[in-house]
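These are the residues of each chain, in order.
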Amino acid sequence: MLCFSGLSVALALALVPGSGEAARDRDCEVCVTFLGKFYQSLKDNDVKFTSTDIEKALVKTCRDAKGKENRFCYYIGATSDAATKIINEVSKPLSYHAPVEKICEKLKKKDSQICELKYDKQLDLTTVDLKKLKVKDLKKILEEWGESCKGCAEKSDFIRKITELMPKYAPAAARARTDL
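Analysis parameters
Residues numbered from 1 in each chain as written. Predicted model: local features only at pLDDT ≥ 70, side-chain atom pairs only at ≥ 80, totals over all residues. Heavy atoms only, no water. UniProt positions renumbered as here; feature names shortened; annotations may be inferred. Helix = DSSP H or I, 4+ residues; strand = E, 2+ residues; numbered from the N terminus. Buried < 20%, exposed > 50% of the residue type's maximum accessible area, 1.4 Å probe, protein only. Contact = heavy atoms within 4.5 Å. Areas by Shrake-Rupley, 256 points an atom, 1.4 Å probe, with all protein chains shown as cover. Phe/Tyr/Trp six-rings, centres within 6.5 Å; stacked < 30°, edge-to-face > 60°. Lys NZ or Arg CZ within 6 Å of the ring centre and 35° of its normal. Salt bridge = Lys/Arg side-chain N within 4 Å of Asp/Glu carboxyl O. Core = buried A, V, L, I, M, F, W, Y, C linked by side-chain atoms within 4.5 Å. Disulfide = S-S within 2.5 Å.

The protein carries the name Mesencephalic astrocyte-derived neurotrophic factor in an unreviewed UniProt entry, which gives Dicentrarchus labrax as its organism. In its Subcellular location (unreviewed entry) section, the UniProt entry covering the protein states "Secreted". Listed in UniProt under the heading Sequence similarities (unreviewed entry), the comment for the protein reads: "Belongs to the ARMET family."

Here is the structure:
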């Protein structure tokens, strides 16, 4: 009986996903996602997988990066205002088609801040009550859309601007709101 319960415990532990792997994905969320998209764009655009070509493409991609991805680019030295340059720690392994997870692990050893970056929670505009959000969150929605609310003083002004722009930036959410 004891042998059976030990076997069932071992089987249960084997079925549980490795906590190390799950933690690693969440740990370096921005790094893994950004480099994964970047690697795919290199393949899609038939870029030569040489270290210098990858560096040039990375710097170009980082020019358009916003938010947490821009912060990641800053940490690896792919922005013009970056203090350090560890961009070769990305370009060289990518030229050998190394997995992005491994690249991020090595980057974490160089600068732990890289893997501390997390994406902000995305709001579901179809169901969220804008009146219950903080002004800070309302401003963030507009900022993500590349818009601003000049002359907005009250919370209601921000809500009005968001609902006005919603059909342009979140058409599905706008339709869902009119269906209610």
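A.B. asks: Hey, could you run me through the overall build of the protein in this one?
C.D. replies: Broken down by element type, the protein carries eleven helices and zero strands. The N-to-C order of helical and strand elements in the protein reads α-α-α-α-α-α-α-α-α-α-α. A buried classification covers 32% of the 180 residues belonging to the protein. Residue pairs in contact within the protein that sit at least 24 positions apart in sequence constitute 53% of those at least 6 positions apart. About 12,100 Å² of surface is accessible on the protein, with carbon and sulfur atoms providing 54% of the total.

A.B. asks: Would you mind showing me how to read the packing of aromatic side chains here?
C.D. replies: What describes a pair of aromatic rings is the distance from one ring centre to the other and the angle between the planes of the rings. Counted under the stated rule, the structure contains four aromatic pairs. A cation over an aromatic ring shows up here: R71 above the ring of Y74, its NZ or CZ 4.8 Å from the ring centre.

A.B. asks: Help me out: how do you make sense of the pattern of salt bridges in this one?
C.D. replies: Pairing is possible between side chains that carry opposite charge, provided their charged atoms lie close to one another. Within this structure, the stated rule accounts for six salt bridges. Between E147 and K168 there is a salt bridge; the shortest N-O distance is 3.9 Å. Taken together, the residues E147 in the loop between α9 (135-144) and α10 (155-169) and K168 in helix α10 connect sequence positions 21 residues apart. In this structure E147 comes out as partly exposed when scored by relative accessible area, which is 23%. On the accessibility criterion, K168 (60% relative accessible area) is exposed.

A.B. asks: When you look at the environment of L107 in this model, what are you seeing that I'm missing?
C.D. replies: Note that L107 resides in helix α7 (residues 100-110). You can call L107 buried: its relative accessible area is 0%. Note: C-alpha distance between L107 and Y75 (32 residues apart in sequence) is 9.7 Å. The contact partners of L107, leaving out residues within four places of it in the chain, are C31, L35, F72, I76, I86, E89, V90 and I114.

A.B. asks: Sorry, what's going on with the nonpolar core here?
C.D. replies: Note on soluble globular proteins: their nonpolar side chains tend to be buried together. Judged by nonpolar contacts, the single largest core of 30 residues is most densely connected at L35, L58, F72, I76 and L107. Among the elements that make up this core, the one with the highest residue count is helix α3 (residues 29-44) (eight residues). Setting aside anything within four residues of it in sequence, one finds F72 in contact with V30, C31, F34, L35, L107, I114 and L117. Of all hydrophobic cores here, the second largest spans 18 residues; its members include I141, C149, L165 and M166.

A.B. asks: What am I meant to see in the state of the cysteines here?
C.D. replies: What makes a disulfide is a covalent bond joining the sulfur atoms belonging to two cysteines. Scanning all chains against the criterion turns up four disulfides. Across a sulfur-sulfur distance of 1.8 Å, C28 and C115 are joined as a disulfide pair. Taking the sign of the S-S torsion, about 90° here, the bridge from C28 to C115 comes out right-handed. Taken as a pair, C28 in the loop between α2 (19-27) and α3 and C115 in helix α8 (residues 113-116) lie far apart in primary sequence, 87 residues in all.

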